[in-house]
Amino acid sequence: MKTNKITRRAILGRIVRFAAPYKFSLIFSFLLGLLSVSLSLFIPVLIGRAVDMMTGPGAVDYDGIVPILYAIAACAIGSALFQWLMTAANNRITYNVTRDMRRTAFRTLQSVPVSFYDGVAHGGLVSRVISDVETVSDGVLLGTSHLFCGVVTVAATLVFMIRLQPVVAAAVAILTPLSLFVSRFVASRTYGYFKEQAEVREEESAFSEEIISSQKVVKAFGKEEDVKRIFREINARYEKKTVRAVFFSSLVNPSTRLVNSVVYAAVALIGALFAVSGGITVGALSSFLSYASQYTKPFNEISGVVSELQGALACAGRVFEVIDAERESPRSEGERIGSVRGDVELCHIDFSYRKDRPLLRDVTLSVRAGSHVAVVGPTGCGKTTLINLLMRYYDPASGRITLDGVDVSTVAREDVRRNFGMVLQDTWIRSATVRENIALGKPDATDDEIERAARAVRAHSFITKLPDGYDTVLSENGGSLSAGQRQLISVARVMLTAPPMLILDEATSSIDTRTEIEISKSFERLMEGKTAFIVAHRLSTVRDADLIVVMRDGEIAERGTHEELLSENGFYKKLYDSQWRGAEIGEG
Ligand SMILES: Nc1ncnc2c1ncn2[C@@H]1O[C@H](COP(=O)(O)OP(=O)(O)O)[C@@H](O)[C@H]1O
Ligand SMILES: [Mg+2]
């Protein structure tokens, strides 16, 4: 992915910006945390008082103890309640941030140039937008709240302890940072491992997506075993990376616990010495001991959170790589034009996807409004590329394209695209009704308009034979329809929006010859009176074009009408003859 790596500090800054809109909720949640922690910290004080009321056999002050018991219960319940409220508030914030991040990432994906997708695995992107985002908001936001409560607990406990016995408190304060030190050391290692883990997860998603979407090809070539083997390999690598990441991150907890236990024992010893010499009461010692354990507990949690944060930051870096991908200028930026007449000029166009491999060279073409241009040539000669430039999916390296005399590079991309109707080899059927699918480009079309468009392109009769007619719900990719039927829906779709210009790129390539002859009538109807660019494999479909452009290795080799080109006896004639022979042996 063509992106800039960002530092961990910058990543944190970015996350803070995503959380900023929820600052009041965050403050509220922190207040709840503060209340919850304070109440629970008050309990040891109450217990200490109760203990002092029952020192010695028979010397138990019941009247004094009962209210203290009530107070303890109230503190416990209050603390639990506030903690629950805080968790609820945190979850709200977390999922709001998840939503915002995904929206931003998805918006970027809609704003990057088409070329962005050339070099990335699609499943990997999915993994970043879905699972990485989840890890980030989960880890960072919930982590932060744990961190906050931990810090508050530590600070408050320290205050209470100093009031009980400053010397012992000082001992605790000096000894406990040891555990933080240990956890920092281990966590710094785990960041890298979690990053590797996320990378393999991305690879795994990408591979799954690729294989699931090409099941038929996989089966046709009998590649099931190979695919399973590759998946097993990636999966095993994921296991290895995960085990390592988790191994190191899980070291954090036990090692800090160990340090804490030692600290606790030391505190107990020092405290006991003070109690024996009469420095503190027994009740105070008991409060002290529960504080000492409460004081070390947050350090465990904090260190746990720290390792979780490492994982979250690693994922965040990957999410921001997507979010920061270089966008195109907005598609609405530039000169606004309405419907064009349809005069198209290409002047000395040069273009390549990659600098080292020049593709289109000096392509010049002039198309009058309403005329039909067929572009033919061997696979890979640059036909689709030419279309990509017309649609402004890519911009030429040099030369210029004009619509009605206006340089398209100055026109809003949105307006250029709106003027073209496009039918491709791959159809895009959404999981929606037939009606909604036809109305894709004009959602406010009336039922009557939709039906008229369908009739015009001869799609009406097959649609009425579907179980629910126009209201039949199609599955994604129109699995239940034939390739020809899917294509008819695409044609009706373009018919409905009635753009002044058309692009048909191999629109009939996945349709058998007989159906193609029927569908070609639909195409004729669609193209009536419109400027049309027809890219076709089969020469039979281009014969009637006003102009045929023959491409070869990124250049226009010949141009003319069918008859002219045949009589020239050049490259076109050769292509034509080879197809004709192909037709005779049944490949036509
Ligand atoms: N997105 C891309 N990135 C890099 N190279 C590409 C890309 N799309 C097409 N190409 C290459 O450009 C050449 C022309 O492709 P294309 O215009 O799709 O050919 P066709 O005439 O078959 O439609 C091919 O060699 C192809 O491999
Ligand atoms: Mg092509």
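Residues numbered from 1 in each chain as written. Chains lettered and ligands numbered in written order. Predicted model: local features only at pLDDT ≥ 70, side-chain atom pairs only at ≥ 80, totals over all residues. Heavy atoms only, no water.

## Brief notes about the packing of aromatic side chains
By the definition in use, this model includes 11 aromatic pairs. Pairing Phe30 with Phe148 gives two aromatic rings, centres 4.1 Å apart and planes at 25°, and the pair type is stacked. You can see Phe30 sitting in helix H2 (residues 23-52) and its partner Phe148 sitting in helix H4 (residues 122-164), a full 118 residues away along the chain. Arranged with centres 6.2 Å apart and planes meeting at 20°, the rings of Tyr572 and Tyr576 form a pair that is stacked. Pair noted here: Tyr572 and Tyr576 are both in helix H18 (residues 571-584), with a separation of 4 residues, about one helical turn. On the accessibility criterion, Tyr576 (13% relative accessible area) is buried. Over the aromatic face of Phe571 sits the side chain of Arg552, whose NZ or CZ is 4.1 Å from the ring centroid. (Phe/Tyr/Trp six-rings, centres within 6.5 Å; stacked < 30°, edge-to-face > 60°. Helix = DSSP H or I, 4+ residues; strand = E, 2+ residues; numbered from the N terminus. Buried < 20%, exposed > 50% of the residue type's maximum accessible area, 1.4 Å probe, protein only. Lys NZ or Arg CZ within 6 Å of the ring centre and 35° of its normal.)

## Quick look at the domain arrangement of the chain
For the chain, the assigned domains read domain 1 (96-323) and domain 2 (335-419 + 541-588). Measuring from the centre of the C-alpha atoms in domain 1 to the corresponding centre in domain 2 gives 55 Å. (Domains from an automatic or database assignment.)

## Observations concerning the pairing of strand S8 (residues 531-535)
The element S8 is extensively covered by neighbouring structure, given that 5 of its 5 residues are classed as buried. Burial along S8 is two-sided: the face carrying Thr531, Phe533 and Val535 and the face carrying Ala532 and Ile534 are both buried. Pairing of strand S3 (residues 372-376) with S8 involves 4 bridges; the strand directions are parallel. By the bridge assignment, Val373 is partnered in S8 with Phe533. When strand S7 (residues 501-505) meets S8, the two strands line up parallel, connected through 5 bridges. Bridge assignment links Leu502 to a residue of S8, and that residue is Ala532. (Pairing = 2+ DSSP bridges.)

## Some details on unusual backbone geometry
Look at Asp362: it is not a glycine, yet its phi comes out positive at around 50°. Following the sequence through the fold, Asp362 ends up in strand S2 (residues 360-367). A relative accessible area of 46% means that Asp362 is categorised as partly exposed. For Asn569, which is not a glycine, the phi torsion comes out positive at approximately 60°. Within the secondary structure, Asn569 sits in the loop between helix H17 (562-568) and H18.

## Examining the sheet that holds strand S1 (residues 344-351)
Pairing is antiparallel in the open sheet, where 4 strands are placed in the order S2-S1-S4-S5. Each edge of the open sheet carries a strand with a single partner, namely S2 and strand S5 (406-407). Bridge count for strand S4 (residues 398-403) against S5 is 2 bridges, and the pairing is antiparallel. The residue of S5 that forms the bridge with Leu403 is Val406.

## Observations regarding the site of ligand 1
The local shell around ligand 1 consists of Asp118, Tyr353, Leu359, Thr379, Gly380, Cys381, Gly382, Lys383, Thr384, Thr385 and Tyr394. With respect to ligand 1, the backbone of Cys381 contributes an N or O atom lying 3.3 Å from an oxygen atom. Here an oxygen atom of ligand 1 sits 2.4 Å away from a polar atom, N or O, in the side chain of Thr385. Residues belonging to the shell around ligand 1 are distributed by class as follows: 4 nonpolar, 5 polar and 2 charged. (Near = heavy atom within 4 Å. Polar contact = N/O pair within 3.5 Å; in protein donor to acceptor, adjacent residues only side chain to side chain. Nonpolar A, V, L, I, M, F, W, Y, C, P; charged D, E, K, R; others polar.)

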